Amino acid sequence: MKMLNIALPKGRLGEKVYAMFEKCGYECPEIKENGRKLIFENEEVGVRYFWVKPSDVSIYVERGAADIGVAGKDILLEYAPDVYEFLDMNIGKCRMAVAGKKGFFDDRRKTLKVATKFVEIAKAHYASKCREIDIIKLNGSIEIAPILGLSDVIVDIVETGTTLKENDLEVVETIVPISARLIANKSSYKFKTEEITRLSAALSEIIPD
Amino acid sequence: MIKTDKKTLFSAQERIIHSLRGMYGMHGYLPFKMSKFEKYDFYMKNRDFLLGENIISFTDADGSLLALKPDVTLSIIKNAKDSAGVKEKLYYSENVYRTSASSHKFKEIMQMGLECIGDIDSVDVCETLSLAADSLELIDENFVLDISHMGFVASLLDAAGLSGEERTKLIFLISGKNLHEASALLEKCGTSSDITEKILALTSLRVPLSEAPKALSPLVVGKAAEQALDEIAELVSNISSFGRADKMFFDASLMNDMNYYNGVVFRGFIAGISEGVLSGGRYDALMQRMGKSSGAVGFAIYLDLLEGYSDGAGDYDVDVLLLYDEKCDTGAVLSRVNELVGEGLSVSAQKAVPEGIRFRRTERIGG
């Protein structure tokens, strides 16, 4: 049996993902011990897990350091890695949305100022509507941009909408629903077809509704 | 005679280029040598084929705009003769200048490939495929050659009645084997359940090449697909003449640009290299776009992907570090060097241990 290298997103989502892998028989008890270790192996079932920053999962998979991984659709849309996307795992659900100050009105006579971490997604969204925009790339605390007048709107992930509400913002429109996806390196799949297919099929059985 | 074919003396890349040239030459392919520059206009006209590559342009002494070549195939087509019964078999190994996808900066890439152009037939297609497999095997035994035919997906997309934008989206989803989003998109477009099922089945299909005709026959819709099935069946019937049929798979999610490729397409993978190292197919459509009426089939090998690839030969820079001092007789040092070289060992004669050189063993001469 060939070992599968699996990149998991660090954090709450990653723990949920691991629980699903474990349920399918790909367990690695060591992973639950709190420590600084980043790589965990269970030779018996043929898996090697490692925790990486969620936004880096697609890089590890695209470059073949991981055979498979679980990444948010937001990351896949933003970086468009050349990978297979086998499953929608239906967890980590949220949406990519445009938000603005309460009562925001889009004045089409002006260029729209858009603050976001997701430059490519924002560009593609507004290009499809032929709307001229000025992109402001930020790395965090996006919500503050419209409040301070840095931008008219933001494009960001909205989970419950609580953060928006607390900052007097509201969703203007939803761009696309987001959830976690099982991805695979295209070359790895050619050489570990059986292993990857088996794991993907097992996971597909336990995907929550 | 000094043996200079030692593994340590050449990088894996150099050895591969050397062997591939020999192999292509033995099959009657002639080297195609081109100049570093082409007219900038020439590439601009065929920009889509270069996948939106940026091109390094500069002004020639006479004021005309030139470009450093980003591709060789286009130049080969431009120079191809176009008359019945004539075909040319060419190979090339040239540096091309392209932007790297990761760094968005220009890179010099060594590209190797072969093209069979003109009045081609099934013999040429089979020979090209078999040379593709042999080329991969020469790089590493642990390889896979994926094969597909553009006709299957093209005719199903026509049957699904998809418009430009949705068609592009679906092609992207098929090539990512993304069944969940493809089925949602087809449902949204109101595609019939029969065609939807066929598209999804084709997307996930991956079988050994020999099983392809049987697996594909229920998925055939329209004339283009029927013709594609015939071509694949013919390939399979000739498969025994290919040495490495066991490494060939049919994977319908493999697609090249439909504006250029119209028949068999293929991609080669080496275990441990994250991207396909070989890519090719039949590109009569590109020929037509460039005003030629004949056909063409060929492939390119991306040697830059092999840069990080190690076959274990590069662990040492030199076999023997021969240390000597001032007191040593010059003749004695030189004759020891020649002796070792004669034994087939590489030698570096030095007075002190040099930094940054890895050697298998050290030998002292004199004092």
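Residues numbered from 1 in each chain as written. Chains lettered and ligands numbered in written order. Predicted model: local features only at pLDDT ≥ 70, side-chain atom pairs only at ≥ 80, totals over all residues. Heavy atoms only, no water.

Caption draft 1: Examining the overall build of chain A more closely. Tallying secondary structure elements over chain A gives 8 helices and 11 strands in all. For chain A, the C-alpha atoms occupy an extent of roughly 60 × 35 × 30 Å along the three principal directions. Taking as baseline every contact in chain A between residues at least 6 positions apart, the subset at least 24 positions apart corresponds to 68%. With an accessible surface of roughly 10,700 Å², chain A has 49% of that area assigned to carbon and sulfur atoms. Taking the average location of the 31 positive side-chain charges in chain A and that of its 33 negative ones, the two points are 4 Å from each other. (Helix = DSSP H or I, 4+ residues; strand = E, 2+ residues; numbered from the N terminus. Contact = heavy atoms within 4.5 Å. Areas by Shrake-Rupley, 256 points an atom, 1.4 Å probe, with all protein chains shown as cover. Lys, Arg positive; Asp, Glu negative; His and termini not counted. Charge placed at Lys NZ, Arg CZ, Asp CG, Glu CD.)

Caption draft 2: Representation of the domain arrangement of chain B. Looking at the assigned domains, one finds that chain B contains domain 1 (1-119 + 283-312), domain 2 (141-263) and domain 3 (318-365). Each of domain 2 of chain B and domain 3 of chain B has a C-alpha centre, and these two points are 59 Å apart. (Domains from an automatic or database assignment.)

Caption draft 3: Focus on the layout of surface pockets. All names here are of chain A. In this model, the second largest pocket occupies a volume close to 890 Å³. Asp74, Gly92, Cys94, Ile157 and Glu159 are, among the 37 residues lining the second largest pocket, the residues nearest its centre. Elements that contribute at least two residues to the lining of the second largest pocket include exactly helix H1 (12-23), strand E4 (68-72), helix H3 (73-79), strand E9 (153-158) and helix H6 (162-166). Here the lining of the second largest pocket takes 4 residues from H3, the largest share from any one element. Split by residue class, the lining of the second largest pocket holds 15 nonpolar, 10 polar and 12 charged. (1 Å grid on protein atoms, 1.4 Å probe; cavity = no way out; pocket = protein on both sides within 12 Å on 5 of 7 lines; lining within 4 Å. Points joined across faces, edges and corners; volume = space filled by probe spheres on them. Nonpolar A, V, L, I, M, F, W, Y, C, P; charged D, E, K, R; others polar.)

Caption draft 4: Representation of the environment of Phe32(B) in the model. Residues and elements named next belong to chain B. Looking at the element boundaries, Phe32 is found in the loop between strand E1 (30-31) and strand E2 (37-39). Linking Phe32 and Val72, residues 40 residues apart in sequence, is a C-alpha distance of 9.2 Å. With near-sequence residues (within four places) excluded, Phe32 lies in contact with Val72, Ser75, Ile76, Asn79, Leu90, Tyr91, Tyr92 and Glu94.

Caption draft 5: Spatial organisation of the interface of chain B and chain A. Facing the 20 residues of chain B at the interface are 18 residues of chain A. Buried area between chain B and chain A, both sides added, is near 1,400 Å², and the carbon and sulfur share of it is 52%. Together, Lys177(B), His180(B) and Ser274(B) form the three largest contributors to the area buried by chain B at its contact with chain A, with a combined 34%. Counting every contact that joins chain B to chain A gives 4 salt bridges. The closest approach of N and O atoms between Lys73(A) and Glu181(B), which form a salt bridge, is 2.9 Å. (Buried area = accessible area lost by both parts, 1.4 Å probe. Salt bridge = Lys/Arg side-chain N within 4 Å of Asp/Glu carboxyl O.)

Caption draft 6: Here's a closer look at the nonpolar core. Tyr24(B), Leu145(B), Phe152(B) and Phe250(B) are the most contacted members of the largest nonpolar core, which has 98 residues in total. In terms of residue count, helix H4 (residues 122-139) of chain B provides more of this core than any other element does, 8 residues in total. Taken domain by domain, this core gets at least three of its residues from each of domain 1 (1-119 + 283-312) and domain 2 (141-263) of chain B. If we ignore the near neighbours within four places in the chain, the residues touching Tyr24(B) are Tyr29(B), Tyr91(B), Met112(B), Leu114(B), Leu131(B), Ser135(B), Phe299(B) and Ile301(B). Core analysis: the next-biggest nonpolar cluster, separate from the first, contains 29 residues, Leu4(A), Phe21(A), Cys28(A) and Ala180(A) among them. (Core = buried A, V, L, I, M, F, W, Y, C linked by side-chain atoms within 4.5 Å. Buried < 20%, exposed > 50% of the residue type's maximum accessible area, 1.4 Å probe, protein only.)

Caption draft 7: Molecular detail of a nonpolar patch on the surface. A cluster of nonpolar side chains, namely Ile144(A), Ile147(A) and Leu148(A), defines an oily patch on the protein surface of about 290 Å² accessible area. Among the secondary structure elements, Leu148(A) is positioned in the loop between helix H5 (144-147) and E9. (Patch = residues over 30% accessible without salt bridge, like charges linked within 9 Å, V, L, I, M, F, W, Y side chains within 5 Å.)

Caption draft 8: Just the pattern of salt bridges, in detail. Tallied over the full model, the rule gives 40 salt bridges over all chains. Residues Asp146(B) and Lys190(A) are paired through a salt bridge, measuring 2.6 Å at the closest nitrogen-oxygen approach. With Asp146(B) in strand E7 (residues 143-149) and Lys190(A) in helix H7 (residues 186-191), this residue pair bridges two chains. Comparing Asp146(B) with Lys190(A), the two get one shared label, buried. A single network of salt bridges, built from pairs that share partners, joins Lys73(A), Glu85(A), Asp88(A), Arg181(A) and Glu181(B).

Caption draft 9: Fine view of the pairing of strand E11 (residues 278-282) of chain B. Residue and element names in this part refer to chain B. Among the 5 residues in E11, 5 count as buried, and that is most of the element. On E11, burial covers both faces: Leu278, Gly280 and Arg282 on one face and Ser279 and Gly281 on the other are all buried. Alignment of strand E10 (residues 264-270) against E11, held across 4 bridges, turns out to be antiparallel. In the sheet register, Arg267 faces E11, and the bridge partner there is Ser279. Direction of pairing for E11 relative to strand E12 (residues 295-302): antiparallel, over a ladder of 5 bridges. In the strand pairing of E12, Arg282 is matched with Val297. (Pairing = 2+ DSSP bridges.)

Caption draft 10: Local environment of the side chain of Glu38(B). As for its position among the elements, Glu38(B) is in strand E2. Among the polar contacts made by the side chain of Glu38(B), one reaches the side chain of Ser75(B) at a distance of 2.8 Å. (Polar contact = N/O pair within 3.5 Å; in protein donor to acceptor, adjacent residues only side chain to side chain.)

Caption draft 11: Quick peek at the confidence of the model for chain B. Here chain B averages 87 in pLDDT, and 93% of its residues register 70 or above. We note a pTM of 0.86 for the whole complex and an ipTM of 0.88 for its interfaces. (pLDDT = per-residue confidence, 0-100.)

Caption draft 12: Quick peek at the packing of helix H5 (residues 150-160) of chain B against helix H8 (residues 193-204) of chain B. All names here are of chain B. Viewed as axis vectors pointing N to C, H5 and H8 meet at an angle of 155 degrees, and their least axial separation amounts to 10 Å. By the angle class used here, H5 and H8 are roughly antiparallel. Helix-helix and strand crossings are classified by hand; for H5 and H8 the assignment is left-handed. On H8, the residues that touch Phe152, Val153, Leu156, Ala159 and Ala160 of H5 are Ile195, Lys198, Ile199 and Leu202. (Axes fitted to C-alpha atoms, helices over the stretch in contact; angles between N-to-C directions. Parallel < 35°, antiparallel > 145°, perpendicular 65-115°, else oblique. Left-handed = near helix turned anticlockwise from the far one by under 90°.)

Caption draft 13: Quick peek at helix H12 (residues 330-342) of chain B. All names here are of chain B. Relative to the 18 Å expected for 13 residues at 1.5 Å per residue, H12 spans 18 Å between its end C-alpha atoms, a close match to the ideal helical length. Among all positions of H12, only Val333, Arg336, Val337, Leu340 and Val341 are buried. Down the axis, H12 shows its buried residues gathered within 135 degrees of arc, on one side only. When the buried face of H12 is taken as reference, the exposed residues oriented beyond 90 degrees from it are Leu334, Asn338 and Gly342. Lining the buried residues of H12 we find strand E13 (318-323), strand E14 (347-350) and strand E15 (359-364). Count one or two residues on from H12 and you reach Gly344, which has phi positive near 90 degrees. (Expected span 1.5 Å × (residues − 1). Arc of directions from axis to C-beta.)

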